Amino acid sequence: MNRGRQMCEQFTYLPSRVLVILLAMIQGGILNYYLVHYNSHSWFFWIAADVAVMFSFLVAFFISYRELKIVEQMKLSSQLKGKNNKKLMDAGSFPLSYFAWLVYSVMLTIRVALIYKNFAYRIDKGVFFGTNMLKFTIALSSIQFILMISAHHRALPGTPARNLINGLTIMVPFDLMDSVDIFSIFFNKESKDSLEDVFEYAIIVIASLNIIFSTAPLMILSGSHFGVHPVPTTIRSLYRVLQIAAINGPLLFLRIFMWHKQGEEVSLFIVKNIVVIVMIGMEVYESGYELAKPQDEGEDEDDSEMQREDKRPVAALVPYHNIS
């Protein structure tokens, strides 16, 4: 029974990690087809880019597996001894997770920018490898991001760690799809030609940075050991502000511009941009209000909260599945 449980523990993360690599291979192969077929780019360079992405993911997953195994072993040892293990709280950081995602997102962004800037309007809508397949292929990054997150933690639903992870990452898949949507203007040659150069480059740069910006929550979660340590309010607030200033604010402006000046059909993602800006604005305001409170107002409450935290067992402090 114990041996079977140990085998299950070893393969807990295998499906999500295999899917991340498999989807990256499929996505890279299809994008390479567009680049070679429509623009005669040398396929050797893109194969090398795919190899670099695969290698980054493999190394990141190997390191994370080793770290999670250490966490599990130390957690079991702490439970048996009946006391907290300080080293347990120091394990579980995955710096290569965000590095691997950064390599992936940069390679993806380069290919996407080249496709939409140079020949997206030439892609036939009626064929299998047409505009719909291109949008679907790029949007696969949303699924890959979700799988990437799930491959690096065992935080149970309802725990503080899981709430932190969800709070930082829940909007990222929609932001990635947002970039795919705004790129669609380049499928129409008339719309592309009517764009001023500054707005054409603005769309490409902002949408591309949006894809790369998805690395930020992975960096924050790595620093917190995926929820084991709390994330400072200032860092969370800064991340929220950047979500407005670098993503949803510029995308909202570009959509209003295309709607009123270009006469383009309005995308429903314009409502998503507004909703996210309002929600984040309220969250940042409430966080700032809490920080501005006089220290003595929340002193008693903080002391009682700390006492409750001290009495919690390690299994409650570290949000991983029980393996005992």
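Coordinates for the structure precede this section.
None of these values were measured; they are calculated from a predicted model.

Some thoughts on the environment of Leu134
By secondary structure assignment, the location of Leu134 is in helix α6 (residues 131-150). Each C-alpha atom of the pair Leu134 and Ile115 lies 9.6 Å from the other, and the pair is 19 residues apart in sequence. Discounting chain neighbours no more than four positions away, the residues touching Leu134 are Leu31, Tyr34, Ile115, Tyr116, Ile123 and Phe187.

Things to note about the side chain of Asn210
Summarising the element assignment, Asn210 is placed in helix α10 (residues 197-213). With relative accessibility at 2%, the residue Asn210 sits in the buried group. Within the structure, Asn210 has its side chain in polar contact with the backbone oxygen of Asp175 (distance 2.8 Å).

A closer look at a nonpolar patch on the surface
On the surface, Leu14, Val18, Leu19, Leu22 and Ile26 cluster together into a nonpolar patch covering about 390 Å² of accessible area. Along the chain, Leu19 falls in helix α2 (residues 14-39). Judged by relative accessible area, Leu19 falls into the partly exposed class, the value being 38%.

Quick notes on the side chain of Lys272
Position of Lys272 relative to the elements: it lies in helix α13 (residues 269-291). Look past the residues within four positions of Lys272 in its chain and what remains in contact with it is Met171, Phe174, Asp175, Asp178 and Asn248.

Criteria and thresholds
- Residues numbered from 1 in each chain as written.
- Predicted model: local features only at pLDDT ≥ 70, side-chain atom pairs only at ≥ 80, totals over all residues.
- Heavy atoms only, no water.
- Helix = DSSP H or I, 4+ residues; strand = E, 2+ residues; numbered from the N terminus.
- Contact = heavy atoms within 4.5 Å.
- Buried < 20%, exposed > 50% of the residue type's maximum accessible area, 1.4 Å probe, protein only.
- Polar contact = N/O pair within 3.5 Å; in protein donor to acceptor, adjacent residues only side chain to side chain.
- Patch = residues over 30% accessible without salt bridge, like charges linked within 9 Å, V, L, I, M, F, W, Y side chains within 5 Å.
- Areas by Shrake-Rupley, 256 points an atom, 1.4 Å probe, with all protein chains shown as cover.
- Salt bridge = Lys/Arg side-chain N within 4 Å of Asp/Glu carboxyl O.

Remember, this is a structural readout, not a statement about activity or role.
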